[in-house]
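# Structural characterization, general
This is what each chain is made of:
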Amino acid sequence: SQQGEEDPQALSIQEGENATMNCSYKTSINNLQWYRQNSGRGLVHLILIRSNEREKHSGRLRVTLDTSKKSSSLLITASRAADTASYFCVTSGNTPLVFGKGTRLSVIA
Amino acid sequence: EAQVTQNPRYLITVTGKKLTVTCSQNMNHEYMSWYRQDPGLGLRQIYYSMNVEVTDKGDVPEGYKVSRKEKRNFPLILESPSPNQTSLYFCASSARNGGGYGYTFGSGTRLTVV
């Protein structure tokens with residue numbers, strides 16, 4: 001199975017600041033996905049980046065992928081209190097997805 | 001609305017009493033999966049199904065059963081629940097596994113076994 005590992009485990013920032021989370025993985029991938037989970041709720045798919053892409057944007061989200069370093073980053077710009085959640089990266093190859101433990105983001109108003 | 005529906009949302013049961021958590025999706029997805037989430041351990045996959053009548057074990061299948069008799073439903077069965085199965089459970093589906101498809105998650109089932 002394939003697994004992404006998020007870093008840092010926890011991140012606390014002020015509203016309006018940017019938040020950056022990193023993800024590392026070990027095997028070759030077809031794509032990498034980021035998900036958000038509000039406390040006790042189901043995960044919500046945020047963005048998917050394919051292995052032949054280097055950067056992708058969706059609203060205030062920017063994802064980069066460096067396959068040579070087997071790493072990805074998720075940048076949330078101009079953060080809001082509503083962005084407070086856990087964020088997970090998941091790599092996808094030919095085996096089922098395995099989720100890491102996530103980064104817990106707290107945005108303080 | 002495209003969604004994955006889990007029931008029940010909350011369940012308290014006693015050790016040994018068989019229970020079923022239902023999962024249904026309305027997106028004609030081929031792939032479905034069950035996860036449990038525990039503090040400090042993240043999400044761990046229990047079972048998954050690539051298509052109808054095709055199921056396979058995930059990382060923590062012990063004590064669980066599943067079936068996939070039709071495409072939309074993927075129930076999770078606990079034949080004899082034990083307290084260590086107290087957890088938050090999520091069902092997820094995808095058009096296919098891998099290949100550039102995102103996953104849609106249900107809202108979760110919080111199970112307590114006493």
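Let me sum up the structure you'll find in this document. (Residues numbered from 1 in each chain as written. Chains lettered and ligands numbered in written order. Predicted model: local features only at pLDDT ≥ 70, side-chain atom pairs only at ≥ 80, totals over all residues. Heavy atoms only, no water.)

## Brief notes about the layout of surface pockets
If you add up the space inside the largest pocket, you get close to 420 Å³. Forming the walls of the largest pocket are 22 residues, and the residues nearest its centre are Q37 and S86 of chain A together with Q37, D38 and P39 of chain B. Elements with a minimum of two residues in the lining of the largest pocket: β10 (85–92) and β12 (103–108) of chain A together with β4 (31–38), β9 (87–94) and β11 (109–113) of chain B. Of the residues in the lining of the largest pocket, the class split is five nonpolar, 13 polar and four charged. (1 Å grid on protein atoms, 1.4 Å probe; cavity = no way out; pocket = protein on both sides within 12 Å on 5 of 7 lines; lining within 4 Å. Points joined across faces, edges and corners; volume = space filled by probe spheres on them. Helix = DSSP H or I, 4+ residues; strand = E, 2+ residues; numbered from the N terminus. Nonpolar A, V, L, I, M, F, W, Y, C, P; charged D, E, K, R; others polar.)

## What to know about the interface of chain A and chain B
Contacts between the two partners involve 24 residues from chain A, matched on the other side by 23 residues from chain B. Carbon and sulfur atoms make up 52% of the area that chain A and chain B hide from each other, which totals about 1,600 Å². Linking chain A to chain B there are zero salt bridges. Seen at the junction of chain A and chain B, the total is four residue pairs in polar contact (both at pLDDT 80 or more). Counting residues per element, the ones that place at least two in the side of chain A that touches chain B are β5 (31–37), β6 (43–50), β10 and β11 (97–98) of chain A. For the side of chain A that touches chain B, the per-class residue count stands at eight nonpolar, 13 polar and three charged. (Contact = heavy atoms within 4.5 Å. Buried area = accessible area lost by both parts, 1.4 Å probe. Salt bridge = Lys/Arg side-chain N within 4 Å of Asp/Glu carboxyl O. Polar contact = N/O pair within 3.5 Å; in protein donor to acceptor, adjacent residues only side chain to side chain.)

## A few points about the packing of aromatic side chains
Inspection of every chain in the model, using the stated rule, returns six aromatic pairs over all chains. Their ring planes at 75° and their centres at 6.4 Å tell us that F90 of chain B and F105 of chain B sit as a pair that is edge-to-face. Within this pair, whereas F90 of chain B is found in strand β9, its partner F105 of chain B is found in strand β10 (residues 104–105), the two being separated by 15 residues in sequence. The structure contains a cluster of three or more aromatic residues connected by ring pairs, namely Y35 of chain A together with Y35, F90 and F105 of chain B. (Phe/Tyr/Trp six-rings, centres within 6.5 Å; stacked < 30°, edge-to-face > 60°.)

## Some thoughts on the sheet that holds strand β7 (residues 55–58) of chain A
All names here are of chain A. Here five strands make up an open sheet; going across it, the order is β2-β4-β9-β8-β7 and the pairing antiparallel. Two strands lie at the open edges of the sheet, namely β2 (5–7) and β7, each paired on one side alone. In this sheet, neighbouring strand axes are inclined to one another by 20° on average, regardless of whether the strands run parallel or antiparallel. (Pairing = 2+ DSSP bridges. Axes fitted to C-alpha atoms, helices over the stretch in contact; angles between N-to-C directions.)

## Notes on the side chain of T103 of chain A
Residue and element names in this part refer to chain A. Inspection of the secondary structure puts T103 in strand β12. By relative accessible area, T103 is classed as buried at 0%. In this structure the side chain of T103 is engaged in a polar contact, spanning 2.5 Å, whose partner is the backbone oxygen of P8. (Buried < 20%, exposed > 50% of the residue type's maximum accessible area, 1.4 Å probe, protein only.)

## Here we look at the state of the cysteines
Linking two cysteines covalently via their sulfur atoms produces the bond known as a disulfide. One pass over the structure, following the stated rule, counts two disulfides over all chains. Covalent S-S linkage joins C23 of chain A and C89 of chain A, the inter-sulfur distance amounting to 1.9 Å. Disulfide C23 of chain A to C89 of chain A: torsion about the S-S bond roughly 70°, handedness right-handed. A residue pair is termed long-range when its members are at least 10 positions apart, and C23 of chain A in strand β4 (residues 19–24) and C89 of chain A in strand β10 qualify at 66 residues. As far as the burial class goes, C23 of chain A and C89 of chain A line up, both buried. For C23 of chain B, the disulfide goes to C91 of chain B, at an S-S distance of 1.9 Å. The chirality of the disulfide connecting C23 of chain B with C91 of chain B is left-handed, given an S-S dihedral of about -75°. Placement of the pair is C23 of chain B in strand β3 (residues 19–25) and C91 of chain B in strand β9, with a sequence separation of 68 residues. For the pair C23 of chain B and C91 of chain B, one class covers both residues: buried. (Disulfide = S-S within 2.5 Å.)

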